[in-house]
Amino acid sequence: MAIPINIEDLLNKRKVESNRIEFKTGWNPISIYHSICAFANDIDNLGGGYILVGVKEKNGVAERPIQGIPMEQLDSMQKQMVGFNHLIEPYYQPRISVEEVDGNYLLAIWVPSGMERPYTVPEDITARHKKPKYYV
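Attention here is on the structure that accompanies the text.

**A closer look at the overall build of the chain**
Assigned secondary structure in the chain consists of three helices and eight strands. Taken from the N to the C terminus, the helices and strands of the chain come in the order α-β-α-β-β-β-α-β-β-β-β. Radius of gyration (C-alpha) of the chain: 14 Å, near the 14 Å computed for a compact globule of 136 residues. With the C-alpha coordinates of the chain rotated into their principal frame, the extents come out at 40 × 35 × 30 Å. Each of the 136 residues in the chain was classed as buried or not, and the buried ones make up 44%. Long-range contacts, defined here as pairs at least 24 residues apart, represent 66% of the contacts in the chain between residues at least 6 apart. Approximately 7,400 Å² of the chain is accessible, and the part contributed by carbon and sulfur atoms is 50%. A distance of 3 Å separates the average location of the 15 positive side-chain charges in the chain from that of its 17 negative side-chain charges.

**Things to note about the sheet that holds strand β5 (residues 95–101)**
Strand order in the open sheet formed by four strands is β1-β2-β6-β5, with mixed pairing between adjacent strands. Two strands bound the open sheet, and with one partner strand each, they are β1 (21–24) and β5. Across the sheet, the axes of successive neighbouring strands diverge by a mean angle of 20 degrees, strand direction being ignored. Each of β1, β2 (49–53) and β6 (104–111) is contacted by helix α2 (residues 29–41), which is oriented at about 165 degrees to β2, the strand it contacts most. Those strands touched by helix α3 (residues 71–85) are β2, β5 and β6, and its axis lies near 20 degrees from that of β6.

**Observations concerning the pattern of salt bridges**
Between side chains of opposite charge, a pair can form as their charged atoms come close. Under the criterion given, the structure shown has seven salt bridges. A salt bridge links Glu8 to Arg64; the shortest N-O distance between them is 3.0 Å. With Glu8 in helix α1 (residues 7–11) and Arg64 in the loop between β4 (61–62) and α3, this residue pair connects regions lying 56 residues apart in the sequence. Given the relative accessible area of 27%, Glu8 is considered partly exposed. The partner of Glu22 in a salt bridge is Lys24, and the shortest N-O contact between them spans 3.2 Å.

**Concerning the side chain of Ser97**
On the secondary structure map, Ser97 appears in strand β5. A polar side-chain atom of Ser97 sits 2.6 Å from a polar atom in the side chain of Glu99.

**Brief notes about α2**
Along an α-helix, residues three or four positions apart point the same way, because every turn accommodates 3.6 residues. Taking 1.5 Å per residue as the helical rise, α2 with its 13 residues ought to reach 18 Å, and the 18 Å between its terminal C-alpha atoms agrees with that figure. α2 sits mainly inside the fold: ten of its 13 residues count as buried. Three or more residues of α2 are buried, namely Pro29, Ile32, Tyr33, Ser35, Ile36, Cys37, Ala38, Phe39, Ala40 and Asn41. Contacts from the buried residues of α2 go to β1, β2, α3, β6, β7 (120–122) and β8 (132–134). Directly after α2, the chain includes Asp42, whose backbone phi takes a positive value near 40 degrees.

Analysis parameters
- Residues numbered from 1 in each chain as written.
- Predicted model: local features only at pLDDT ≥ 70, side-chain atom pairs only at ≥ 80, totals over all residues.
- Heavy atoms only, no water.
- Helix = DSSP H or I, 4+ residues; strand = E, 2+ residues; numbered from the N terminus.
- Rg over C-alpha atoms; globule rule 2.2 N^0.38 Å.
- Buried < 20%, exposed > 50% of the residue type's maximum accessible area, 1.4 Å probe, protein only.
- Contact = heavy atoms within 4.5 Å.
- Areas by Shrake-Rupley, 256 points an atom, 1.4 Å probe, with all protein chains shown as cover.
- Lys, Arg positive; Asp, Glu negative; His and termini not counted.
- Charge placed at Lys NZ, Arg CZ, Asp CG, Glu CD.
- Pairing = 2+ DSSP bridges.
- Axes fitted to C-alpha atoms, helices over the stretch in contact; angles between N-to-C directions.
- Salt bridge = Lys/Arg side-chain N within 4 Å of Asp/Glu carboxyl O.
- Polar contact = N/O pair within 3.5 Å; in protein donor to acceptor, adjacent residues only side chain to side chain.
- Expected span 1.5 Å × (residues − 1).

What follows is the structure, given as structure tokens:
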């Protein structure tokens, strides 16, 4: 599913406030799901946020050309997200889109404000024993 904003606008932090955009260099599901939970909870009612995976940043600005994610990892990342989404309580599913930028691929995660707030997600979604926690 395509995200509702141009990827270049997100990378350059145009049209969306910078506190609603996060850049992640690589696939770190623990950190990414903390951010998903916080954006879904949207305590300031700003409309959620965006997470761009595969983008290195320096002082809050995306470094160009983007680092990207190897194409062969994109499918497994998306499959993992399906399982991790079931760990969010109540259930929540962010929207994802694979985008090609600067000849590389990135995973754009759009996290609109959740309708059933507040949400929790385990502190460590990869741990055997999961302890739910609120993130804002």
